Amino acid sequence: MVRLPYTTALTTLFSYGLLFAFGQLRDFFRKLIDWFKAKNVKGYAPICLGLEDFYVRRLYLRIQDCFGRPIASAPDSWFDVVERYSNDSNKTLQRTSNTTRCLNLGSYNYLGFAAADEYCTPRVIESLKKYSPSTCSVRVDGGTTKLHTELEELVACFVGKPAAILFGMGYVTNSAIIPCLIGKGGLIISDSLNHNSIVNGARGSGATVRVFQHNSPAHLEDVLREQIAGGQPRTHRPWKKIIVIVEGIYSMEGELCKLPEIIAVCKKYKAYTYLDEAHSIGAVGQSGRGVCELLGVDPGDVDIMMGTFTKSFGSCGGYIAASKEIIQHLKHSCPAHLYATSMSPPAVQQVISAIKVILGEDGSNRGAQKLARIRENSNFFRSELKKMGFEVLGDNDSPVMPIMLYNPAKIPAFSRECLRQKVAVVTVAFPATPLLLARARICISASHTREDLLKALDVISRVGDLVGIKYFPAEAPKIAEAGHGKLE
Ligand SMILES: Cc1ncc(COP(=O)(O)O)c(C=O)c1O
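Position numbers for residues start from 1 in each chain and track the written sequence from start to end. In keeping with the model being predicted, local features are shown solely for residues with a pLDDT of at least 70 and side-chain atom pairs are shown and tallied solely at 80 or more, while totals for entire chains, interfaces and linings include all residues. The side-chain numbers reported here are obtained from all heavy atoms of the structure, hydrogens and water having been left aside.

Participant: How should the sheet that holds strand S11 (residues 423–424) be read in this particular structure?
Facilitator: By definition, two strands form a pair when at least two bridges between them are found by DSSP. Labels follow the DSSP assignment, with helices taken as runs of H or I lasting at least four residues and strands as runs of E lasting at least two, numbered in each case from the N terminus. Reading across the sheet, the three strands line up as S1-S2-S11 and stay open at both edges, with mixed pairing between neighbours. Of all the strands in the sheet, just strand S1 (78–85) and S11 have a single pairing partner and so form its edges.

Now the structure itself:
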């Protein structure tokens, strides 16, 4: 839960107010000049004007160098960031041929599979030669290879469900699947901080959507009770079905879902549970099986388990694991299965190989080591950041740790200064977060060494002092000393 200090809220609001006022003033003069120059001769309504356009032009573009930085290597613990410059006050950015080697604190490479791996990479190259990068076909035509069926069985077994189905993209998995599970007359109750793919899937389903307070089983119960009592809008008929949608680890908060409590509420009111494990599958749990394993939940109690291969497995695509009946239904009805080209075979092979390493089926204990490492790294990094006085969101064991920045001026200041000191961080602001809650989102990887983490902490601490984002009193004397103590 974010504790936004009163003065910080005021100064943040003031900063946005100032940006907004100056932006409006500049737009006013632009309109005047345009009006003198040319009338809207063709008679078309402007296609891009609106608040989003204003936000992009007057706020985002000023700091766009902090976003979408091109990368020139694999997203390993260190990677090459392409240098850019602007000749027009950041309106456009030009790439140079120079790169800077930076410590990578932004990629979702939780288990370190995104870089070359002794087990995965040779197999992926073999599959590339055998199957090519694309099946050039949808699953129901010629797009199902042996690898696709093998991965479906492996995923189902890995997450503890009877069956699974694959999709070419994690985003599409949510946005295309939810409308196949529920429609008009149904009720979706969604966590207020669920990912945009869930929001769009829910909107596109035609079902009624209600939101419950982030990660609050008590509020979920209130919403369920109220909705069941009231029934469908106007007719007050009982809901055809109710689905509660939550995430395993919230991608912008780094928080673990209160899954046992939420499942208990869902069971009490006979609502289905849909769990998005994009950030938790592979990353948490003793054997990487996600939040069910970590929190002691029987996967049989979660009706629909969704996950992506873009984080812990270093690949792309998504899956749904559920009962055989549900998967059969999706195979016959989901447009993303029937009409979209299937997952790229080398990407499928990458996931198969990564899961085999995690399960120790490669004949080594690298998987167990990676899992121990991500846990150790995440907990060490989080506790050190907190000791320094940063406001860090999220729970222990989560590799996602947002550091609160709040003020819009601190977004570019933090991002640029870290980059200057060869640490690449991801900063996130509105609309991905509420307006006042801008943050830097650190993603820790099993491939980070203790030296990497110490360097990152040292840089973040210095930049934190410079930018003024240590909102709490520091606990430990100096990170360098604390860190060296731990190393020895
Ligand atoms: C919770 C959640 N669900 C779904 C997705 C979409 O997954 P992908 O990026 O693999 O398309 C993301 C992306 O980060 C996510 O955070």
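Having seen the model, we can carry on.
Participant: So what exactly am I meant to see when it comes to the UniProt feature "domain: Aminotransferase class I/classII large" (unreviewed entry) in the chain here?
Facilitator: UniProt positions are given in the numbering used here, feature names are shortened, and annotations may be inferred rather than shown by experiment. The feature "domain: Aminotransferase class I/classII large" (unreviewed entry), as given by UniProt, occupies residues 101–460 in the numbering adopted here. Taken end to end, residues 101–460 has its terminal C-alpha atoms 17 Å apart, with 42% of it in helix and 16% in strand.

Participant: Would you mind showing me how to read the pairing of strand S7 (residues 272–276) here?
Facilitator: Each residue's exposure class comes from its accessible area (1.4 Å probe, protein chains only) as a fraction of the maximum for that residue type: buried when under 20%, exposed when over 50%, partly exposed otherwise. Counting buried positions along S7 yields four of five residues, so the element is predominantly enclosed. In this fold, the crossover linking strand S6 (residues 242–247) to S7 by way of helix H8 (residues 259–268) has right-handed handedness. Here S7 runs beside strand S8 (residues 304–308); their pairing, made up of three bridges, is parallel. Bridge pairing links Leu275 to Met305 in S8. Every crossover in which the path from the first strand over the helix to the second runs clockwise, viewed with the strands pointing away from the viewer, is termed right-handed.

Participant: Sorry if this is basic, but what is going on with the packing of aromatic side chains here?
Facilitator: One pair of aromatic rings is described through two measures. These are the centre distance and the angle between the planes. Aromatic rings from Phe, Tyr and Trp, with only the six-membered ring used for Trp, were paired whenever their centres fell within 6.5 Å, and each pair was classed as stacked if the ring planes differed by under 30 degrees, edge-to-face if by over 60, and tilted otherwise. All told, the structure shown has nine aromatic pairs when counted by the stated rule. Ring plane angle 35° and centroid distance 5.5 Å describe the contact between Phe309 and Tyr319, whose orientation is recorded as tilted. Remark: Tyr319 occurs in strand S9 (residues 318–322) and Phe309 occurs in the loop between S8 and S9; sequence separation between them is ten residues. In terms of burial, Phe309 and Tyr319 fall into one category: buried. With centroids separated by 5.1 Å and ring planes inclined at 75°, the aromatic side chains of Tyr406 and Tyr471 adopt a geometry described as edge-to-face. Taken together, the residues Tyr406 in strand S10 (residues 400–406) and Tyr471 in the loop between helix H15 (450–467) and helix H16 (479–487) connect sequence positions 65 residues apart. Of the residues examined, Tyr406 reaches a relative accessible area of 0% and is grouped as buried. Assessed through its relative accessible area of 21%, Tyr471 is described here as partly exposed. Cluster of aromatic residues (ring-pair linked, three or more members): Phe158, Phe309, Phe313 and Tyr319. For the cation-ring pair, Arg123 lies above Tyr119, with the distance from its terminal atom to the ring centre recorded as 3.7 Å. Whether a charge sits over a ring comes down to the Lys NZ or Arg CZ being within 6 Å of the ring centre and within 35 degrees of the ring normal.

Participant: Can you walk me through the site of the ligand in this structure?
Facilitator: Not every one of the 15 residues close to the ligand is listed here, only the nearest: Tyr171, Asp276, His279, Thr310 and Lys311. At a separation of 2.7 Å, an oxygen atom of the ligand approaches a polar side-chain atom of Lys311. Note on areas: these come from Shrake-Rupley sampling with a 1.4 Å probe, and a residue is covered only by the protein chains present in the view. About the coverage of the ligand: the protein hides 88% of its 390 Å² of free accessible area. Looking at which element gives the most residues to the shell around the ligand, the answer is helix H5 (residues 170–181), with three residues. Considering only residue class, the shell around the ligand consists of four nonpolar, eight polar and three charged. Near, as used in this document, describes a residue that has one of its heavy atoms within 4 Å of the molecule or strand being considered. Throughout this description, a polar contact denotes any pair of N or O atoms lying within 3.5 Å of each other; where both atoms belong to protein, one of them has to be capable of donating a hydrogen while the other can accept it, and for residues adjacent in sequence the pair is counted only when both atoms sit in side chains. Under the grouping applied here, Gly and all other residues not named as nonpolar or charged are polar, the nonpolar ones being Ala, Val, Leu, Ile, Met, Phe, Trp, Tyr, Cys and Pro and the charged ones Asp, Glu, Lys and Arg.

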